[in-house]
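So the chains spell out like this:
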Amino acid sequence: MTTSELVATEAGDARITYHRAAAAKAVLALGHGAGGGIGARDLVALAQRLPARGITVALVEQPWRVAGKKLGPAPRTLDLGWRPVAERLAGKGLPLVVGGRSAGARVACRTGAASGAVGVVALAFPLHPPGRPERSRAEELLETGLPTLVVQGAADPFGGPEEFPVLPRGHELVGLPYGNHGFEVPKRAPVGQEEVLGLICSAVGDWVLGLVRIPAP
């Protein structure tokens, strides 16, 4: 069952779209990137597949997106638009894992510990701007203060798996073959798009269930 609600924030109204598990054991809240929305292929796949494993997926649209704007604001404003949503979800009584893709992953990394979450899922974390490895954002990832799962495409111009620093205990990095920043794989790749999306869903589902100490089915 899918439902939605608006949540007032200092940056405007955010929208949560729930993809509910019949007997939920955890909630996974996922934000979108700076140039896209909750229709991203990885977010859609997770929302379709994880409820069957007992994980309610809450896809969160930032206020700028709800207002119809095309480009996201500065990081501080993104954080303001996320915190009340995460706090609301954390108050529902189930373990909350926060995350998102690209800019949404950065927001979750910066705010997760303060929001009451038990873990962070960073999809396509933008480790640095394309071609600018010296402008690393690794600090945000390393200092989440929570168990953190990073899922990264091997061909991501914002930083491939081999570019990441040694992660602290409790952090895990999963590399996806051939995937770019949007986890798209070229047609000539020996793995297909659906296979890569399946890998994402399996990795995230297993990790979330393990985090809340539920045996993965």
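Above this note sits the structure.
J.: Help me understand the packing of helix H1 (residues 41–49) against helix H6 (residues 193–211), please; the structure alone is not making it clear to me.
T.: When two helices pack together, their arrangement is given by the angle between the helix axes and by the axis-to-axis distance. Two numbers describe how H1 lies on H6: the axes approach to 10 Å, and their chain directions differ by 60 degrees. By the angle between their axes, H1 is oblique relative to H6. The two elements H1 and H6 meet at a crossing, and its hand is right-handed. Along its contact with H1, which presents Arg41, Asp42, Ala45, Leu46 and Arg49, the element H6 presents Gln193, Glu194, Leu197, Gly198, Ile200, Cys201 and Val204. Across the contact of H1 with H6, the residue classes break down as six nonpolar, two polar and four charged.

J.: What exactly am I supposed to notice about unusual backbone geometry here?
T.: Peptide bonds are mostly trans, and most non-glycine residues show a negative phi. The backbone phi angle of Ser102 is positive, close to 55 degrees, even though this residue is not glycine. As for its placement among the helices and strands, Ser102 is situated in the loop between strand E5 (96–101) and helix H4 (103–115). Note on Ser102: relative accessible area 12%, which makes it buried. Phi at Tyr178 takes a positive value of approximately 70 degrees, unusual for a residue other than glycine. With respect to the helices, strands and loops of the structure, Tyr178 is situated in the loop between strand E8 (171–176) and H6. Looking at Tyr178, the relative accessible area reads 40%, which means it is partly exposed.

J.: Please clarify how the environment of Asp79 should be interpreted in this entry.
T.: Here Asp79 lies in helix H3 (residues 75–90). The contact partners of Asp79, leaving out residues within four places of it in the chain, are Val107, Arg110 and Thr111.

J.: Quick question: what am I supposed to make of the side chain of His181 here?
T.: Relative to the assigned elements, His181 resides in the loop between E8 and H6. Here the side chain of His181 touches Ser102 through a polar contact of 2.9 Å, side chain to side chain.

J.: Got a minute to help me understand the sheet that holds strand E6 (residues 119–123) in this structure?
T.: Taken together, eight strands build an open sheet; the order of strands is E1-E2-E4-E3-E5-E6-E7-E8 and the sheet is mixed. Only two strands of the sheet have a single partner each, and these edge strands are strand E1 (2–9) and E8. Neighbour-to-neighbour, the strand axes of the sheet open up by a mean angle of 20 degrees, direction not taken into account. With six bridges joining them, strand E7 (residues 148–153) and E8 adopt parallel strand pairing. Within E8, the residue paired with Gln152 across the bridge is Gly175. Along the sheet, H1 makes contact with strand E2 (12–19), strand E3 (26–31), strand E4 (55–61), E5 and E6, crossing E4 at roughly 145 degrees. Sheet strands in contact with H3 are E1, E2, E3, E4 and E5, and its direction is about 125 degrees off that of E1.

J.: Would you mind going over the packing of H3 against H4 with me for this structure?
T.: At their nearest, the axes of H3 and H4 sit 9 Å apart, and the two run at 40 degrees to each other. Considered as vectors, H3 and H4 are oriented oblique to each other. As for how H3 packs across H4, the hand of that crossing is right-handed. Between H3 and H4, the contacting residues are Pro75, Leu78, Asp79, Trp82, Arg83, Ala86, Glu87 and Ala90 on the first element and Val107, Arg110, Thr111 and Ser115 on the second. Along the lines of polarity and charge, the residues of the contact of H3 with H4 split into six nonpolar, two polar and four charged.

J.: Looking at this structure, I do not really get the nonpolar core. What am I missing?
T.: Counting 34 residues, the largest nonpolar core has Leu123, Ile200 and Val204 as its most contacted members. Among the secondary structure elements, those contributing two or more residues to this core are E3, H1, E4, E6, E7, E8 and H6. When residues in this core are grouped by element, the largest group, nine residues, is from H6. Setting aside chain neighbours within four positions, we find Leu123 in contact with Leu30, Asp42, Leu43, Leu46, Gly100, Arg101, Ser102, Ala105, Val151, Phe183, Ile200 and Val204. Counting residues in hydrophobic clusters, the runner-up holds 31 residues, among them Leu78, Val120, Leu141 and Phe164.

Analysis parameters
Residues numbered from 1 in each chain as written. Predicted model: local features only at pLDDT ≥ 70, side-chain atom pairs only at ≥ 80, totals over all residues. Heavy atoms only, no water. Axes fitted to C-alpha atoms, helices over the stretch in contact; angles between N-to-C directions. Helix = DSSP H or I, 4+ residues; strand = E, 2+ residues; numbered from the N terminus. Parallel < 35°, antiparallel > 145°, perpendicular 65-115°, else oblique. Left-handed = near helix turned anticlockwise from the far one by under 90°. Contact = heavy atoms within 4.5 Å. Nonpolar A, V, L, I, M, F, W, Y, C, P; charged D, E, K, R; others polar. Buried < 20%, exposed > 50% of the residue type's maximum accessible area, 1.4 Å probe, protein only. Polar contact = N/O pair within 3.5 Å; in protein donor to acceptor, adjacent residues only side chain to side chain. Pairing = 2+ DSSP bridges. Core = buried A, V, L, I, M, F, W, Y, C linked by side-chain atoms within 4.5 Å.

Interpretation in functional terms is not warranted from these geometric data alone.
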